[in-house]
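Examination of the molecular architecture
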Amino acid sequence: MTTPHHFPSDSDSLEGRVFRPATVLELREAVEQAFDYRGDVLLELSSGKRVEGYVSNRDAQAVEPFLEMFPKDEPGIHIIRFADITAISFTGKDTASGKSWEAWVMKKEAQRWAEAEQASNDARARGHL
Amino acid sequence: MAVPVSQMYTVASYVLAQKMRRVKRYPLVLMLEPLFRCNLACAGCGKIQYPDHILDKRLTPEQCWTAADECGAPMVSIPGGEPLIHPEMAEIVRGLVQRRKYIYLCTNAILLERKLDEYTPSKYLTFSIHMDGLQEEHDHAVCRDGVYDVAVKAIQAALKRGFRVTTNTTLFDDADPRRVRAFFDSMMQLGVEGMMISPGYSYQKAPDQKNFLKRGRTQQLFARILEDRKRSWRFNQSPLFLDFLMGKREYQCTPWGNPTYNIFGWQKPCYLLQEGYVKTFQELLESTNWDGYGTGRNEKCADCMVHCGYEPSAVSDTFGSWSGFGRTVRLTLTPNGR
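Here we look at the sheet that holds strand β4 (residues 66-71) of chain A
All names here are of chain A. Here we have six strands laid out as an open sheet, ordered β1-β6-β2-β3-β4-β5, and antiparallel in their pairing. Among the strands making up the open sheet, the edge pair consists of β1 (18-19) and β5 (78-81). Pairing geometry for strand β2 (residues 41-45) and strand β6 (residues 85-89), over four bridges, is antiparallel. Looking at the pairing, Leu 45 lines up with Ile 85 of β6. Where helix α1 (residues 24-36) meets the sheet, its contacts fall on β1, β2, β3 (50-59), β4 and β6, and the angle it forms with β3 comes to roughly 95 degrees.

Laid out in structure tokens, this is it:
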């Protein structure tokens, strides 16, 4: 069953943007955007470390607010305190951009089938077809 | 009857036990998502929109069984992604069958014929085949030619081997009621046990709040599809839910009725919205602000009429009073009678 999600339009997408929060409120908003984002983000931490991956969860109401991230190139999950984050870059492809039912209907036929063909080739390459 | 008597008895006795114990919030169907990887890219599907390293993650059989034990729901729906891609799916199913869970394995059927030997027919296992309409509509919805024919062939193969088979169909406002009714005829002629239908869900950041116009259009569509129902059509859903889709009955959403568990954890608040994750089912029940969701309570819920939130409401209505039970029996026996 198809389960649509809220999809940003291409113009709404955060792909490529960088946030350097200056206040606690800005930080919380930036983390919320990272959680909603359907792609990987790069976090710069106060320790100097940089970690890229998918933000799968966040708890801004915890005594020590934190987020959970699946790193891109390692197994496991990182738990990172909001307080340690100095910047959030939306580095990964926004996999949801332009993918809503409405956006799909508006696309030209040729574009739709080109995208479908690419998805089919990807699945075939993985042996899933 | 679409649903076997043993399943009806199991669900009925479970729901009645919850009501007798005055349990306010209980799960009916566990939505178990063991992976998000799919071999299709259906129009509008939000479940597969993740980076590759996330799409490559899988729940283990042990994680799946633990979730089922923790939740306690009598039924388990396994959507995805495409569940048959999971290399241990047959083992997951075996473990759930041992736990006497009624399983709906939701699949696009592309891999079904190839994988059938890994499964054993059981009253506990149903292959729920994603079919969004007749050939033209379905292939269009899944963005690939030929999928309808593959699915039909797989349905026939599974039925021949003695498996329970149903279909699940998502309909958007542009669906042609006459074509949908013809689709129902086709599926019944194929011999499927029952059909499940649901409107598609879409959430706009600035939804049309004027009289829930989109919801109204959804009700009009389903009214046209389901009025003057044929006796040969068997729906794997509560007749009260079908009435709700047609706009003849109002329900508030029951988001805890179909809790969702996937690689991120237990999903708050429901199958469609992803507003956070917790580690345990109990934490899901206790920490979610349930009153903040539902019709008229949240802009994201304004147009939603999807089965995962409202079918549990209908089931609760059936077993909540003698009149609810009576309505259900009457609509089951005479779906067109008023």
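So much for the structure itself; the text now carries on.
Overview of the packing of helix α1 (residues 5-20) of chain B against helix α12 (residues 307-320) of chain B
Residue and element names in this part refer to chain B. At a closest axis distance of 10 Å, the pairing of α1 and α12 adopts a crossing angle of 75 degrees. The pairing of α1 with α12 is recorded here as roughly perpendicular in orientation. Together, Ala 12, Val 15, Leu 16 and Lys 19 of α1 and Val 315, Phe 319 and Gly 320 of α12 make up the contact between the two elements.

Some details on the sheet that holds strand β8 (residues 265-269) of chain B
Residues and elements named next belong to chain B. One open sheet accounts for nine strands, arranged β6-β5-β4-β3-β2-β1-β7-β8-β9; its pairing is mixed. At either end of the open sheet lies a strand with only one pairing partner, and these are β6 (194-199) and β9 (274-278). The sheet shows a mean angle of 30 degrees between the axes of neighbouring strands, taken without regard to direction. Lying on the sheet, helix α3 (residues 61-71) is in contact with β1 (29-32), β2 (75-78) and β7 (260-262); it crosses β1 at an angle near 155 degrees. Relative to strand β3 (residues 102-107), helix α4 (residues 89-98) is tilted by about 155 degrees, and along the sheet it contacts β2, β3 and β4 (125-130).

Cut-offs used in this document
Residues numbered from 1 in each chain as written. Chains lettered and ligands numbered in written order. Predicted model: local features only at pLDDT ≥ 70, side-chain atom pairs only at ≥ 80, totals over all residues. Pairing = 2+ DSSP bridges. Helix = DSSP H or I, 4+ residues; strand = E, 2+ residues; numbered from the N terminus. Contact = placed C-beta atoms within 7 Å. Axes fitted to C-alpha atoms, helices over the stretch in contact; angles between N-to-C directions. Parallel < 35°, antiparallel > 145°, perpendicular 65-115°, else oblique.

So far we have only geometry, and geometry alone does not tell us how the molecule works.
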